[in-house]
Amino acid sequence: MNMLGKTLPPLASLLPFEAAARLESFSRAADELHVTQAAISRQIRGLEDNLGVKLFSRRNRAVFLTQEGRELGRVVSEALQSISEGAASLRASSHGNRVVLLCQLCEAFYWLMPRLSTFHQQYPHIEIQVVTSTRPLTEFNDPFDVALQSTHRASGAHPLMFTASDEVFPVCSPAYLSVEQPLPITGLQSHTFLHHSSDAPHLMEWDDWLRQFGQVLAGNTRSASYDSYPLMLQAAVEGHGIAMGWRRTASRLIDSGALVRTCAQSVHLPEAISVYRQQGVADRPEVAALLAWLEAQLKDEDV
């Protein structure tokens with residue numbers, strides 16, 4: 001007779017408990033798992049009722065693991081890690097030469113695609129599956145191997161491998177503004193500002209950029225907002241106004257003459273881009289090859 005069904009605690013409570021035990025915080029566990037704090041608390045109370053022991057002490061709106069909680073936390077963490085590694089091994093065995101690269105849409109479109117052929121030339125046996133997202137890494141629920149996104153966006157517990165720099169400056173179509181001489185920053189306010197707006201704010205937008213030079217975005221300036229960076233850049237190409245350009249993603253449009261730099265000033269961000277590996281995934285030479293290639297490509301272009 002199989003006794004597991006009678007002896008195991010509620011399985012749905014184990015992941016919330018592991019996160020809360022590791023972080024020693026119900027609110028941070030809720031953020032990591034994208035649920036409410038009340039849902040975490042409810043799952044853990046159900047687990048405590050099932051086991052008949054207190055796993056957390058609750059004091060002054062904070063939680064602390066009890067001795068029983070620490071012991072169970074260790075067991076659950078090891079068990080979930082083992083399951084994760086087993087699942088990763090099965091995925092790798094079915095697609096041993098495939099590497100899933102999660103990339104922000106703008107970097108995938110303007111930076112990655114023009115360069116990816118060089119990776120295929122170096123590693124013809126490795127298949128790269130590019131998956132794009134405009135959302136932070138913590139909101140992507142499918143498996144991946146490597147992820148590239150703007151620094152300071154939510155990344156959860158996925159390990160950071162390295163960062164790279166970038167440079168930010170205004171750009172526009174030469175048809176919108178004939179830039180024979182760089183426009184002074186004070187001259188920007190009379191033009192239309194193109195904004196990239198997203199639920200998870202981007203690393204640098206117009207107000208932050210202007211603040212670097214002691215300027216404030218005037219409340220009466222003309223503006224237009226777009227929910228994706230490629231769409232905003234295309235609006236700039238079509239002459240709708242001046243956009244915030246990132247060197248890595250706007251440089252090809254500048255080189256082709258579709259865009260021009262509007263001002264001489266720029267802001268250097270030493271850690272603008274971050275590259276991650278998925279948490280709990282076993283090392284594979286194919287993943288190591290992609291990480292090495294990405295690092296070389298990004299470092300060669302560091303500003």
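Scoring rules and cut-offs
- Residues numbered from 1 in each chain as written.
- Predicted model: local features only at pLDDT ≥ 70, side-chain atom pairs only at ≥ 80, totals over all residues.
- Heavy atoms only, no water.
- Domains from an automatic or database assignment.
- 1 Å grid on protein atoms, 1.4 Å probe; cavity = no way out; pocket = protein on both sides within 12 Å on 5 of 7 lines; lining within 4 Å.
- Points joined across faces, edges and corners; volume = space filled by probe spheres on them.
- Helix = DSSP H or I, 4+ residues; strand = E, 2+ residues; numbered from the N terminus.
- Nonpolar A, V, L, I, M, F, W, Y, C, P; charged D, E, K, R; others polar.
- Disulfide = S-S within 2.5 Å.
- Buried < 20%, exposed > 50% of the residue type's maximum accessible area, 1.4 Å probe, protein only.
- Lys, Arg positive; Asp, Glu negative; His and termini not counted.
- Salt bridge = Lys/Arg side-chain N within 4 Å of Asp/Glu carboxyl O.
- Contact = heavy atoms within 4.5 Å.
- Polar contact = N/O pair within 3.5 Å; in protein donor to acceptor, adjacent residues only side chain to side chain.
- UniProt positions renumbered as here; feature names shortened; annotations may be inferred.

## Details of the domain arrangement of the protein
Looking at the protein, the domain boundaries give domain 1 (3–93), domain 2 (96–161 + 273–300) and domain 3 (165–270). A separation of 46 Å is found between the C-alpha centroids of domain 1 and domain 3.

## Describing empty space enclosed by the protein
In the structure shown here, the tally under the stated rule is 1 cavity of 30 Å³ or more. Contributing to the lining of the largest cavity are Leu102, Cys103, Gln104, Ser133, Arg135, Pro136, Leu137, Ala147, Leu148 and Gln149. Taken together, the elements giving at least two residues each to the lining of the largest cavity come down to strand S3 (98–104) and strand S5 (146–150). For the lining of the largest cavity, the class distribution of residues is 6 nonpolar, 3 polar and 1 charged.

## Looking at the state of the cysteines
Per the counting criterion, the structure on display carries 0 disulfides. Between Cys103, a cysteine without a disulfide, and Cys106, which holds the nearest cysteine sulfur, the sulfur-to-sulfur distance is 7.5 Å. Residue classification places Cys103 among the buried residues on the basis of a relative accessible area of 2%.

## Points about the side chain of Glu205
Along the chain, Glu205 turns up in the loop between strand S7 (193–196) and helix H8 (206–211). Buried charged residue Glu205 carries no salt bridge. Nearest counter-charge: Arg153, at 10 Å. Non-local contacts of Glu205, meaning those with residues more than four positions away in its chain, are made with His195, His196 and Met244.

## Concerning the environment of Ser190
Mapped onto the fold, Ser190 is located in the loop between strand S6 (160–172) and S7. According to the relative accessible area criterion, Ser190 is partly exposed, its value standing at 48%. Separated by 28 residues in sequence, Ser190 and Ala218 place their C-alpha atoms 9.7 Å apart. For Ser190, the side chain forms a polar contact with the main-chain oxygen of Gly187, separated by 3.2 Å.

## Description of unusual backbone geometry
The general pattern is negative phi for most residues beyond glycine and trans for most peptide bonds. A positive phi is found at His34, a non-glycine position, where the angle reads about 60°. Its location among the elements puts His34 in the loop between helix H3 (26–33) and helix H4 (37–51). Its identity as a non-glycine residue notwithstanding, His152 has a phi of 80°, on the positive side. The residue His152 is located in the loop between S5 and S6 in this model.

## Focus: the UniProt feature "domain: HTH lysR-type" (unreviewed entry) in the protein
UniProt records the feature "domain: HTH lysR-type" (unreviewed entry) at residues 9–66, using the numbering of this structure. What you have in residues 9–66 is 57% helix and 14% strand, and the ends, taken at the C-alpha atoms, are 18 Å apart.

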